[in-house]
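# Breakdown of the fold
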Amino acid sequence: MANSVFPGSWFVYNSTNSTSIARLMKDWNSPIYAFYEPVPTIEYENGRRCHVFKCTARGCKHRVRRYLDKSDATSTGNMRKHVKSCWGEAALETAMD
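Below is a short write-up of the structure. (Residues numbered from 1 in each chain as written. Predicted model: local features only at pLDDT ≥ 70, side-chain atom pairs only at ≥ 80, totals over all residues. Heavy atoms only, no water.)

The next subject is the overall build of the protein chain. Each helix and strand in the protein chain was counted, giving three helices and five strands. Here the protein chain holds 97 residues, and the buried ones make up 31% of them. Here the protein chain displays about 6400 Å² of accessible surface, and carbon together with sulfur accounts for 52% of that area. (Helix = DSSP H or I, 4+ residues; strand = E, 2+ residues; numbered from the N terminus. Buried < 20%, exposed > 50% of the residue type's maximum accessible area, 1.4 Å probe, protein only. Areas by Shrake-Rupley, 256 points an atom, 1.4 Å probe, with all protein chains shown as cover.)

What follows is about the environment of Trp 87. Inspection of the secondary structure assignment puts Trp 87 in the loop between α2 (77-86) and α3 (89-96). With near-sequence residues (within four places) excluded, Trp 87 lies in contact with Phe 35, Cys 55, Thr 56 and Ala 57. (Contact = heavy atoms within 4.5 Å.)

Attention shifts here to the layout of surface pockets. Where empty space is left can be seen by rolling a probe of water-molecule size over the atoms. If you add up the space inside the largest pocket, you get close to 160 Å³. In terms of lining residues, the largest pocket is bounded by Val 64, Arg 65, Arg 66, Tyr 67, Lys 70, Asp 72, Ala 73, Ser 75, Thr 76, Gly 77, Asn 78 and Met 79. Among the elements of the structure, β5 (63-67) and α2 are those that each provide at least two residues to the lining of the largest pocket. With four residues, the top contributor of residues to the lining of the largest pocket is β5. Looking at the lining of the largest pocket residue by residue, the class counts come to four nonpolar, four polar and four charged. (1 Å grid on protein atoms, 1.4 Å probe; cavity = no way out; pocket = protein on both sides within 12 Å on 5 of 7 lines; lining within 4 Å. Points joined across faces, edges and corners; volume = space filled by probe spheres on them. Nonpolar A, V, L, I, M, F, W, Y, C, P; charged D, E, K, R; others polar.)

The phi dihedral of Asn 46 is positive, around 55°, even though this residue is not glycine. Mapped onto the secondary structure, Asn 46 falls in the loop between β3 (41-45) and β4 (48-54).

Further remarks concern the packing of α2 against α3. Where α2 contacts α3, the axes come no closer than 6 Å and their chain directions differ by 130°. Considering the angle they form, α2 stands oblique to α3. In contact with Arg 80, Val 83 and Lys 84 of α2, α3 contributes Glu 89, Leu 92 and Met 96. For the contact of α2 with α3, the class distribution of residues is three nonpolar, no polar and three charged. (Axes fitted to C-alpha atoms, helices over the stretch in contact; angles between N-to-C directions. Parallel < 35°, antiparallel > 145°, perpendicular 65-115°, else oblique.)

Here is the structure:
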């Protein structure tokens with residue numbers, strides 16, 4: 001896969017990144033991840049590494065960035081917030097039960 005440029009950031013994909021993603025994904029067991037593409041992209045924005053999760057709802061182009069240099073790097077709060085607004089509260093509650 002070729003390098004892609006996003007506004008204000010670089011996406012870098014290589015075998016090291018895919019290996020680290022696979023290792024990290026083992027700990028992602030929340031049902032909230034079902035609403036996003038299975039493998040996030042890795043971006044560097046202003047020198048900060050982040051995982052970018054793209055919503056899978058038809059017509060939705062929303063992406064949730066999760067910066068890895070913060071204490072809440074594993075938080076799913078912003079992902080839940082988007083799912084509630086995009087898919088509806090009923091879908092969120094059903095998935096979380």
